[in-house]
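# Observations on chain architecture
Residues per chain are reported as follows:
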There are 2 protein chains.
Amino acid sequence: MLQDAVTEAIGAAMFEELAAVGYGKLTVEAVAKRAGAGKAAVYRRWPSKQAMVIDLVTRVATTTADAPDTGTLRGDVLEFLSAGAKALTHPLMSRIVPDLLAEGSRNPEVAAILLEQVGGTRRKKAAAILHRAIQRGELPVDTDLELGLDFLAGPLYWRVGILRDPMDPERLNHLADKVVAAIAAPISNVEVPSRP
Amino acid sequence: MLQDAVTEAIGAAMFEELAAVGYGKLTVEAVAKRAGAGKAAVYRRWPSKQAMVIDLVTRVATTTADAPDTGTLRGDVLEFLSAGAKALTHPLMSRIVPDLLAEGSRNPEVAAILLEQVGGTRRKKAAAILHRAIQRGELPVDTDLELGLDFLAGPLYWRVGILRDPMDPERLNHLADKVVAAIAAPISNVEVPSRP
DNA sequence: CCGAGTCGAGACGCAACCGTTCCGTCTCGT
DNA sequence: ACGAGACGGAACGGTTGCGTCTCGACTCGG
């Protein structure tokens, strides 16, 4: 994936530093030192700290793959949640992901990478799961896909990514049940009160 | 709430800086300058940047109050989600909250404040909603409260806090329907595959 | 076997920020 | 009216990180 040993060492060091101190306090000096490299080796590859982060994050983000088709919505959802839980439990990822998401709120270039590369990949997989379920007849054709995607990502990210509570297989099974119920839940016809 | 005009100005400036540059790059100099105050005025009140942030965050966190009892689970949930959406839509909060949550993963003192003060307040309200629903008979007595809390917080935080998508009242209504469905959803008896 | 290019290491000037200290001013309570 | 104390502002020496640059050592293609 990475061209040579030095680039790989710098990449690994950058992610470790990113997890240790966060994007805001990330320094090129610390990355180089951790990689056992000189600062020149870094600047020979990227013009700035931000370019380095964006490039390396993009590489690992686009690496993820695989799309499960277990034959049932619940099976697909469980597979999707398990993969997400595993990723978010990774000691480096669990610190880096929330940090970059927060940085994205004030750094447009970082936000673009996260939404287009990282988010886009997972989003496509999630959308495919819902589409398959609709074609199977497991979900009504007018299912709200946007809300469905929120339920595929939100509760898991909240518990594992934010509260840092581990997710054992049993709990994942229960979560999958409830996520499926939420996605399949019909919408009540409630008048939205207008506020003059 | 705040003792005097200077302290209030420093507090406001700190939250603005926090939203602008994040916790990692927050500097006492910038806060003082934005507040139109000298650095000494800050150090006369708090011994360090971290103490300042923790103290000020604690103050605004413990300020929030009110617990709705609309008579139905769905009404309570909608009220809870609306309050959360409003808070997360606030231009300062929407940047500060994700940033502090990320910082909490590597700063135990910050994490403690967020969990005990901020999270604790909202958590109590959410737990009260579920308990009331159980007493009304709207939920079974063996409802999984932990998972329920995840659904009350996760999807909303994901969409509004992370993706920064606004939540109009109609969407909030739909979200409330699905959150209630998830909380009320029964758990299937699936054997958890053991991995030897 | 030799020169081009990269390597780790680190010094460079510059800028920012740390926490402290000292101004001269202004606002109180007495 | 006066003194205590907090005020905004600025400067202090020290530390850190920036991005550039130079060094001698190494590797490798020709």
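Residues numbered from 1 in each chain as written. Chains lettered and ligands numbered in written order. Predicted model: local features only at pLDDT ≥ 70, side-chain atom pairs only at ≥ 80, totals over all residues. Heavy atoms only, no water.

### Quick look at the pattern of salt bridges
Applying the stated criterion across every chain, the model contains 34 salt bridges over all chains. Measuring nitrogen to oxygen at the nearest pair gives 3.5 Å for the salt bridge that ties R136(A) to D76(A). In this pair, R136(A) sits in helix α7 (residues 108–136) while D76(A) sits in helix α5 (residues 73–89), placing the two residues 60 residues apart along the sequence. Judged by relative accessible area, D76(A) falls into the buried class, the value being 0%. R136(B) is the partner of D69(B) in a salt bridge, and the nearest nitrogen-oxygen pair spans 3.0 Å. Here D69(B) is found in the loop between α4 (49–61) and α5 (73–89), whereas its partner R136(B) is found in helix α7 (residues 108–136), with 67 residues between them in sequence. The class of D69(B) is partly exposed, set by a relative accessible area of 49%. Residue class for R136(B) comes out partly exposed when judged on its relative accessible area of 32%. A network of salt bridges, in which partner residues are shared, links D69(A), D76(A), R132(A), R136(A) and E138(A). (Salt bridge = Lys/Arg side-chain N within 4 Å of Asp/Glu carboxyl O. Helix = DSSP H or I, 4+ residues; strand = E, 2+ residues; numbered from the N terminus. Buried < 20%, exposed > 50% of the residue type's maximum accessible area, 1.4 Å probe, protein only.)

### Description of the protein's contact with DNA strand D
Contacts to DNA strand D come from 15 residues, most closely from V28(A), K39(A), Y43(A), R44(B) and R45(B). Backbone atoms, meaning sugar plus phosphate, form 67% of the atoms of DNA strand D positioned within 4 Å of the protein. The separation between a phosphate oxygen of DNA strand D and a polar main-chain atom of V28(A) is 3.1 Å. A distance of 3.3 Å separates a phosphate oxygen of DNA strand D from a polar atom in the backbone of G36(B). Of all the secondary-structure elements, those providing two or more residues to the surface near DNA strand D are α2 (28–35) and α3 (39–43) of chain A together with α3 (39–43) of chain B. Per-element tally for the surface near DNA strand D: the top contributor is α3(A), with three residues. Per-class residue counts for the surface near DNA strand D are seven nonpolar, three polar and five charged. (Near = heavy atom within 4 Å. Polar contact = N/O pair within 3.5 Å; in protein donor to acceptor, adjacent residues only side chain to side chain. Nonpolar A, V, L, I, M, F, W, Y, C, P; charged D, E, K, R; others polar.)

### Points about the relation of the copies chain B and chain A
Under the fitted operation, chain B is carried onto chain A by 0.0 Å of movement along the axis and a turn of 180°, and the coordinates agree to an RMSD of 0.1 Å. As the rotation angle and translation indicate, the two copies are arranged about a two-fold axis. Here 98% of the contact residues of chain B are again contact residues in chain A; the copies associate through an equivalent surface. (Least-squares fit on C-alpha atoms with pLDDT ≥ 70 in both. Contact = heavy atoms within 4.5 Å.)

### Looking at the protein's contact with DNA strand C
As a structural note, the neighbourhood of DNA strand C is formed by 15 residues, with R44(A), R45(A), E29(B), K39(B) and Y43(B) the closest of them. If you look at DNA strand C and keep only atoms within 4 Å of the protein, 64% of those are sugar or phosphate atoms. Of all the elements, α3(B) adds the most residues to the surface near DNA strand C, at three residues.

### Topic: the packing of aromatic side chains
Applying the stated criterion across every chain, the model contains three aromatic pairs over all chains. Pairing Y157(A) with W158(B) gives two aromatic rings, centres 5.3 Å apart and planes at 65°, and the pair type is edge-to-face. One end of the pair, Y157(A), is in helix α8 (residues 145–162); the other, W158(B), is in helix α8 (residues 145–162), on a second chain. The pair Y157(A) / W158(B) is uniform in exposure class, with both members buried. The side chain of K49(A) reaches across the aromatic face of Y23(A), ending 5.0 Å from its centre. Over the ring of F80(B) we find R122(B), and its NZ or CZ is 4.1 Å from the ring centre. (Phe/Tyr/Trp six-rings, centres within 6.5 Å; stacked < 30°, edge-to-face > 60°. Lys NZ or Arg CZ within 6 Å of the ring centre and 35° of its normal.)

### Here we look at the packing of α5(A) against α7(A)
Helix packing geometry: the angle between the two helix axes and the distance between the axes. Residue and element names in this part refer to chain A. Orientation of α5 relative to α7, taken along the N-to-C sense of each, is 170°, at an axis distance of 9 Å. Considering their axes alone, α5 and α7 lie roughly antiparallel with respect to each other. Contacts between α5 and α7 involve L73, D76, V77, F80 and G84 on the former and, on the latter, R122, K125, A126, I129, L130, R132, A133 and R136. Of the residues belonging to the contact of α5 with α7, the class tally is seven nonpolar, one polar and five charged. (Axes fitted to C-alpha atoms, helices over the stretch in contact; angles between N-to-C directions. Parallel < 35°, antiparallel > 145°, perpendicular 65-115°, else oblique.)

### With respect to the interface of chain B and chain A
Across the boundary between the two partners, chain B contributes 49 residues, which contact 48 residues of chain A. Buried area between chain B and chain A, summed over both chains or domains, comes out near 4300 Å², and the portion from carbon and sulfur atoms is 62%. It is R106(B), W158(B) and K178(B) that lose the most area in chain B upon contact with chain A, and together they represent 17% of the buried surface on that side. Inspection of the region where chain B meets chain A yields six salt bridges. (Buried area = accessible area lost by both parts, 1.4 Å probe.)

### Some words on empty space enclosed by the protein
This model, assessed by the stated rule, comprises three cavities of 30 Å³ or more. Size it by volume and the largest cavity reaches roughly 140 Å³. As for the largest cavity, its lining consists of 18 residues, and the residues nearest its centre are Y23(A), G24(A), D99(A), G24(B) and D99(B). Among the residues making up the lining of the largest cavity, the classes are represented as six nonpolar, four polar and eight charged. (1 Å grid on protein atoms, 1.4 Å probe; cavity = no way out; pocket = protein on both sides within 12 Å on 5 of 7 lines; lining within 4 Å. Points joined across faces, edges and corners; volume = space filled by probe spheres on them.)

Keep in mind these values describe shape, not function.
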